[in-house]
Amino acid sequence: MRHRRLGPQSGGVSALFGRRVGARMAAMKPRTGDGPLEVTKEGRGLVMRVPLEGGGRLVVELNAEEAKSLEEALSHVTS
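Residues numbered from 1 in each chain as written. Predicted model: local features only at pLDDT ≥ 70, side-chain atom pairs only at ≥ 80, totals over all residues. Heavy atoms only, no water.

### A look at the overall build of the protein
The cut-off we apply is this: Working definition: helices are DSSP H or I runs of at least four residues, strands are E runs of at least two. Numbering for both runs from the N terminus. Relative accessibility under 20% of the residue-type maximum defines a buried residue, over 50% an exposed one, and the middle range a partly exposed one, all with a 1.4 Å probe and only protein chains included. By definition in these notes, contact holds between two residues if any of their heavy atoms fall within 4.5 Å. Throughout, the Shrake-Rupley method with a 1.4 Å probe supplies accessible areas, and for residues the shown protein chains are the sole cover considered.
Scanning the protein for helices and strands turns up two helices and three strands. Ordered by position from N to C terminus, the α and β elements of the protein give α-β-β-β-α. The 79 residues of the protein split such that 9% are buried. Considering only contacts within the protein whose residues lie at least 6 apart along the sequence, 4% involve residues at least 24 apart. Working note: accessible area of the protein is about 7,600 Å², and carbon and sulfur atoms make up 55% of it.

Shown next as structure tokens:
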């Protein structure tokens, strides 16, 4: 096996990752409000978005059977 040394003439390590030396990264978008718990029907499934403490959301895709099972499980602990 032949090894090639990575140096300034070959682009160095930056060349391996497709970045130019001194290239800027894209700015991150600021988080706006996470919003309420919501469930939407998308195609054949249901998509549930649950806001998390500290920001962000947990996104879960369920089918009808899984949604019924979740409904039953929650009704047992909330009654």
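### What about the sheet that holds strand S2 (residues 45-51)?
Note the threshold: Pairing between strands is defined by DSSP: at least two bridges between the two strands are required. For helices, the fitted axis covers only the stretch in contact; all axes are lines through C-alpha atoms, and the angles between them, taken along N-to-C directions, range from 0 to 180 degrees.
Ordered in space as S1-S2-S3, the three strands form an open sheet in which the pairing is antiparallel. Looking at which strands have only one partner, the edges of the open sheet turn out to be strand S1 (38-42) and strand S3 (57-62). Ignoring strand direction, the axes of neighbouring strands in this sheet form an average angle of 20°. Contacting S2 and S3, helix H2 (residues 64-78) crosses the sheet at an angle of about 120° to S3.

### Focus on the pattern of salt bridges
Going by this rule: Should a side-chain nitrogen of Lys or Arg be within 4 Å of a carboxyl oxygen of Asp or Glu, the pair is scored as a salt bridge.
One pass over the full model with this rule turns up four salt bridges. Across the salt bridge formed by glutamate 38 and arginine 49, the nearest N and O atoms sit 4.0 Å from each other. Placement of glutamate 38 in strand S1 and of arginine 49 in strand S2 is noted, with a sequence separation of eleven residues between them. Put simply, glutamate 38 and arginine 57 hold a salt bridge, and the shortest N to O gap is 3.1 Å. One end of the pair, glutamate 38, is in strand S1; the other, arginine 57, is in strand S3, with 19 residues separating them in the sequence.

### As for the confidence of the model for the protein
The line we're drawing: Per residue, pLDDT captures the predictor's confidence, and it can take any value from 0 to 100.
Taken over all residues, the pLDDT of the protein has a mean of 77, while the share at 70 or more is 57%. The least confident element of the protein is helix H1 (residues 12-16), whose mean pLDDT is 53; the most confident is H2, at 95.

### What to know about the pairing of S2
Looking at chain direction, S1 and S2 are connected through five bridges and run antiparallel. Bridge pairing in S2 places valine 39 opposite methionine 48. Joining the antiparallel neighbours S1 and S2 is a turn of two residues, in which glycine 43 adopts a positive phi near 70°. In the sheet, S2 pairs with S3 via six bridges, with the strands oriented antiparallel. Bridge pairing in S3 links valine 50 to leucine 58.

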